[in-house]
Amino acid sequence: VINNENKINEIPESQLSKIKKNKFIGEAKFLRALYYFLLVTRFGDIPLITDISTNSPGEPMSPAAMIWEQIENDLTFAGNNCLSSVDEDKGRATSGAAWALLGKAHLFQGSVSQNPDEYQAAKTAFLSVLNDPSYYLESRYLNNFEEEAENGPESIFEIEFNAALGYS
């Protein structure tokens, strides 16, 4: 999806609105940022792959700082272009999920560098979530653990399971 952004943007507005185009690209960038977040927090320097190359035997290691920059760029785009949790289907990336992960990314970087700017950036990202009226504390704490109350107002991002789709 990300590598075909230009082709997606060439689709006429009558077939796919600009909002939906950006939403789909934002969801893909959210997922890329999520997976790079998981990799960089565990391994540090890793290969940064932003284009699909068919003739490369591998990619060189990139410094963790470059990975964090890519994560921040992807999540900022996703935060600005994904839909809110109220307007989105359950289990899809939302703007709130992007801002929350961006805040978490800044916290991780701040804990390593002790740079107060990272903590301020985290606060700014988290305030975007706190100011979203679709997120609030459950009136009954146990709702967070009951299947009937899944995807409640405290849920930022959940991966959905559907038994009808199979188990493999």
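All values derive from a computational prediction rather than experimental measurement.

Draft legend 1. The arrangement of the nonpolar core in detail. In this structure, Phe30, Ile67, Trp68, Ile71 and Leu75 are the most contacted members of the largest nonpolar core, which totals 26 residues. Sorting the residues of this core by element identifies helix H2 (18-43), helix H3 (64-81), helix H4 (95-113) and helix H5 (116-130) as the ones contributing at least two each.

Draft legend 2. Layout of unusual backbone geometry. Even without a glycine there, the phi angle at glutamine 114 is positive, about 60 degrees. Note on placement: glutamine 114 falls in the loop between H4 and H5. The phi dihedral of asparagine 151 falls on the positive side, at around 60 degrees, and the residue is not glycine.

Draft legend 3. Molecular detail of the layout of surface pockets. When its volume is computed, the largest pocket comes out at roughly 250 Å³. Lining the largest pocket are 17 residues, with Ser85, Lys90, Asn151, Gly152 and Ser155 sitting closest to its centre. Each residue belonging to the lining of the largest pocket can be placed in one class, and the counts come to five nonpolar, seven polar and five charged. Within this model, the second largest pocket holds a volume of roughly 160 Å³. If you go around the second largest pocket, the residues you meet are Val40, Thr41, Gly44, Ala64, Trp68, Phe108, Gln109, Val112, Ser113 and Glu118. Every element with two or more residues in the lining of the second largest pocket is listed here: H2, H3 and H4. Looking at the lining of the second largest pocket, its residues break down into five nonpolar, four polar and one charged.

Basis of the calculations
- Residue positions are given per chain, counting from 1 as you read along its sequence in written order.
- Side-chain atom pairs in this predicted model are given and counted only at pLDDT of 80 or more, local residue features only at pLDDT of at least 70, and totals for whole chains, interfaces and linings cover all residues.
- For side-chain calculations, the full set of non-hydrogen atoms in the structure is used, while hydrogens and water are omitted.
- By nonpolar core we mean a set of buried residues, namely Ala, Val, Leu, Ile, Met, Phe, Trp, Tyr and Cys, connected to one another through side-chain atoms within 4.5 Å.
- Buried residues are those whose accessible area, probed at 1.4 Å on protein chains only, stays under 20% of the maximum for their type, while exposed residues exceed 50% and partly exposed ones sit between those limits.
- Secondary structure follows DSSP: runs of H or I at least 4 residues long count as helices, runs of E at least 2 residues long count as strands, and numbering of each begins at the N terminus.
- Using protein atoms alone on a 1 Å grid, points that fit a 1.4 Å probe yet trap it form a cavity, whereas open point sets bounded by protein on both sides within 12 Å along at least five of seven lines form a pocket; residues with an atom within 4 Å of a point count as lining.
- Grid points are joined across faces, edges and corners, and a volume is the space filled by probe spheres set on the points.
- Each residue is assigned to one of three groups, with Ala, Val, Leu, Ile, Met, Phe, Trp, Tyr, Cys and Pro labelled nonpolar, Asp, Glu, Lys and Arg labelled charged, and all others, Gly among them, labelled polar.

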